Amino acid sequence: MSRSAIIEKLQSQQMKKDVTSFRIGDTVRVHIRIIEGDKERTQVFAGTVIARKGQGLSETFSVHRVAYGEGMERVFMLHSPRIAKIEVVKEGDVRRSKLYYLRGTSGKASKVKGRFGARRAPAPAAEASAE
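Residues numbered from 1 in each chain as written. Predicted model: local features only at pLDDT ≥ 70, side-chain atom pairs only at ≥ 80, totals over all residues. Heavy atoms only, no water.

What to know about the nonpolar core
Phase 1 of the analysis: Judged by nonpolar contacts, the single largest core of 19 residues is most densely connected at Phe-22, Val-28, Val-30, Phe-61, Val-63, Phe-76 and Ile-86.
Phase 2 of the analysis: For this core, the elements supplying multiple residues, two or more each, are strand S1 (27–36), strand S2 (39–53), strand S3 (60–67) and strand S5 (83–90).
Phase 3 of the analysis: Those residues in contact with Val-30 that sit more than four places away from it in its chain are Gln-43, Val-44, Phe-45, Phe-61, Val-63, Phe-76, Ile-83 and Lys-85. (Core = buried A, V, L, I, M, F, W, Y, C linked by side-chain atoms within 4.5 Å. Buried < 20%, exposed > 50% of the residue type's maximum accessible area, 1.4 Å probe, protein only. Helix = DSSP H or I, 4+ residues; strand = E, 2+ residues; numbered from the N terminus. Contact = heavy atoms within 4.5 Å.)

In structure tokens form, the structure reads like this:
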């Protein structure tokens, strides 16, 4: 077995199977497991997804929010075991793949236009091939 095949096998075992689908511009709530001593709690970080980078196990996404007049940004590993779940609060309609221009804005300038209509779920492979 080659080295790359072994690495691929290990990565596929560590990847999450139930990743919530979200896009850039969506407002999300990321539930993070935080361990303090022997206690574990869940903390929520809510904000707008401004970037997604990478692929496979090393895929990351950046969430930006403004709290108390101060902008803050956090980068999360998509397949991290520390992330309990990702909720999509609002779907955003954007025309860019990276929303770095939101960093210096506040108030109405930092709003992302909402997307109307629900996203269609992909058809199951068994039904698509039967037609």
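Details of the sheet that holds S3
Phase 1 of the analysis: Ordered in space as S4-S3-S2-S1-S5, the 5 strands form an open sheet in which the pairing is antiparallel. Every other strand in the sheet has two partners, leaving strand S4 (70–77) and S5 as the edge strands with one partner each. Neighbour to neighbour, the strand axes of the sheet diverge by 40 degrees on average, direction disregarded. (Pairing = 2+ DSSP bridges. Axes fitted to C-alpha atoms, helices over the stretch in contact; angles between N-to-C directions.)

Quick look at the pairing of S4
Phase 1 of the analysis: Direction of pairing for S3 relative to S4: antiparallel, over a ladder of 8 bridges. Paired with Arg-65 across the strands is Met-72, a residue of S4.
Phase 2 of the analysis: In this antiparallel pair of consecutive strands, S3 and S4, the connection spans 2 residues, and Tyr-68 shows a positive phi of 55 degrees.

With respect to a nonpolar patch on the surface
Phase 1 of the analysis: A cluster of nonpolar side chains, namely Met-1, Ile-6 and Leu-10, defines an oily patch on the protein surface of about 340 Å² accessible area.
Phase 2 of the analysis: Assignment of secondary structure puts Met-1 in the segment before helix H1 (3–14).
Phase 3 of the analysis: Accessibility expressed as a relative area gives 76% for Met-1, which makes it exposed. (Patch = residues over 30% accessible without salt bridge, like charges linked within 9 Å, V, L, I, M, F, W, Y side chains within 5 Å. Areas by Shrake-Rupley, 256 points an atom, 1.4 Å probe, with all protein chains shown as cover. Salt bridge = Lys/Arg side-chain N within 4 Å of Asp/Glu carboxyl O.)

Looking at the pattern of salt bridges
Phase 1 of the analysis: Summed over the entire model, instances satisfying the criterion amount to 7 salt bridges.
Phase 2 of the analysis: Among the ionic pairs, Arg-33 bridges to Glu-40, the shortest N-O distance being 3.8 Å.
Phase 3 of the analysis: By relative accessible area, which is 32% here, Arg-33 ends up partly exposed.
Phase 4 of the analysis: Relative accessible area serves as the criterion here: at 52%, Glu-40 is assigned to the exposed category.
Phase 5 of the analysis: Between Arg-115 and Glu-91 there is a salt bridge; the shortest N-O distance is 3.4 Å. On the criterion of sequence distance, the pair formed by Arg-115 in the loop between S5 and helix H2 (125–130) and Glu-91 in the loop between S5 and H2 is long-range, its members being 24 residues apart.

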